[in-house]
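# Per-entry structural report
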Amino acid sequence: MEKKKICVLGLSEHQLNGIKILAKNFLIIGIDSDQSAVGKKFVHRFYNISVLEKEKILKICKKLNVVRVLSFNSEICLKSQIWLNSKLFGFSLKNWNIVLNKSRLRNFFLFNNLPCPKFYYSKNKSVKEWSKFPAIIKPVIGSGSRGVFLMKTIENLKKVLVDQKKIYSKGFIIEEYIPGIEYALEGWCINGKFYLGCISRKFRSDPPHLYDKFLNINISHRILEKKIIKLMQLFFNKVNIDNVPIHAEFKFYKKEIYIIDLSLRGAGFGVYSEILSKIINVNTDKLLLNLTFGNYQDEIVKTKKKFTLIFFNSYEKKKIIKKKIELKKLKTFYRVIFYKKIVTIT
């Protein structure tokens, strides 16, 4: 009897662990725009097309009778995955549409009295209704710090909108700048209950472009943990989406939490697939697949293992390689990540 087929969107290095697990029980229909994607050798059929070409993928899935569309730890793939599953299997988009769009998500938080920065959303590049600076600008759809800038004046803001118009082509958000330390959380909602995987302290680049420089992963902060668990449980009670991972970023300022980004997927760069697996002593990609197919019953128990993930621009590669020995002396050091391209402004 032939195995059932599952379509997987994205076959990159950080999706490889999930693909390998899936390949044991299913025939994988792989989608990736990279002809040499590392996950290609584990798939039954490979299609060299972008994960954004949803209509083409939909035809392929119908023709091959796939039973589910999946992705691992990717925002861009998640959006296509949810849309395709809705078209193929009638999955509801209603609640997912809230979390897949930054403007809708913020309106949802405000409507339900959940803390987030004040913001302004624009489709037409208008900024006339915003006057409070400094402020943050970010695309309404996106991830990985693309197009996230700290603006000090209205002139700076207008210049970014011209210089980076492609990034903001589907609209953008301007939000108030919240001081304080920035954190990220990884966790899950399982059978209606939120489980915290870890909290990481984020260290950002100097403005105007804000991107991660390094993460201290799985820090200890009892007060913060208590507050974020309570907040995330409230969120899942309201949004009515279950058995999913969550990656969120937030500021902690004057003893209050402000959510600045949130997605129902695992974090990228190996944080979810590799590091989080070590923290909870469970293969997190296998956990994701068990949640997807309704097979997960155990509770999450996290350890105190700590990790450091360091990010550098490609042009800094030679400099950091020279410091490799120094980095290895850092007990929590896990990996160096090189950004392929960092957009800068002047």
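This text gives an overview of the structure that appears in the document. Not measured: the values here are computed from a predicted model. (Residues numbered from 1 in each chain as written. Predicted model: local features only at pLDDT ≥ 70, side-chain atom pairs only at ≥ 80, totals over all residues. Heavy atoms only, no water.)

Turning our attention to the layout of surface pockets. One number sums up the size of the second largest pocket: a volume of about 500 Å³. Residue lining of the second largest pocket: 26 residues in total, with Gln 81, Ile 82, Trp 96, Val 244 and Thr 292 positioned closest to the centre. Secondary structure elements with two or more residues in the lining of the second largest pocket: strand E4 (68–71), helix H3 (75–89), strand E12 (244–253) and helix H9 (284–292). For the lining of the second largest pocket, the per-class residue count stands at 14 nonpolar, 9 polar and 3 charged. (1 Å grid on protein atoms, 1.4 Å probe; cavity = no way out; pocket = protein on both sides within 12 Å on 5 of 7 lines; lining within 4 Å. Points joined across faces, edges and corners; volume = space filled by probe spheres on them. Helix = DSSP H or I, 4+ residues; strand = E, 2+ residues; numbered from the N terminus. Nonpolar A, V, L, I, M, F, W, Y, C, P; charged D, E, K, R; others polar.)

What follows concerns the pairing of strand E9 (residues 181–190). Where burial is concerned, most of E9 is hidden: 9 out of the 10 residues are buried. In terms of strand pairing, E9 meets E12 through 9 bridges, oriented antiparallel. The partner of Glu 182 across the bridge, within E12, is Lys 251. In the sheet, E9 pairs with strand E10 (residues 193–204) via 9 bridges, with the strands oriented antiparallel. Looking at the pairing, Glu 182 lines up with Lys 202 of E10. Joining the antiparallel neighbours E9 and E10 is a turn of 2 residues, in which Asn 191 adopts a positive phi near 50°. (Buried < 20%, exposed > 50% of the residue type's maximum accessible area, 1.4 Å probe, protein only. Pairing = 2+ DSSP bridges.)

Another aspect to go through is the packing of helix H5 (residues 102–111) against helix H7 (residues 222–239). Relative to each other, H5 and H7 sit at 105°, their axes nearing to 11 Å. In terms of orientation, H5 lies roughly perpendicular with respect to H7. Where H5 approaches H7, its residues Leu 105, Phe 108 and Phe 109 are matched on the opposing element by Phe 235, Lys 238 and Val 239. A breakdown of the residues in the contact of H5 with H7 according to their chemical character gives 5 nonpolar, no polar and 1 charged. (Axes fitted to C-alpha atoms, helices over the stretch in contact; angles between N-to-C directions. Parallel < 35°, antiparallel > 145°, perpendicular 65-115°, else oblique. Contact = heavy atoms within 4.5 Å.)

Function cannot be inferred from these measures alone, as they are strictly geometric.
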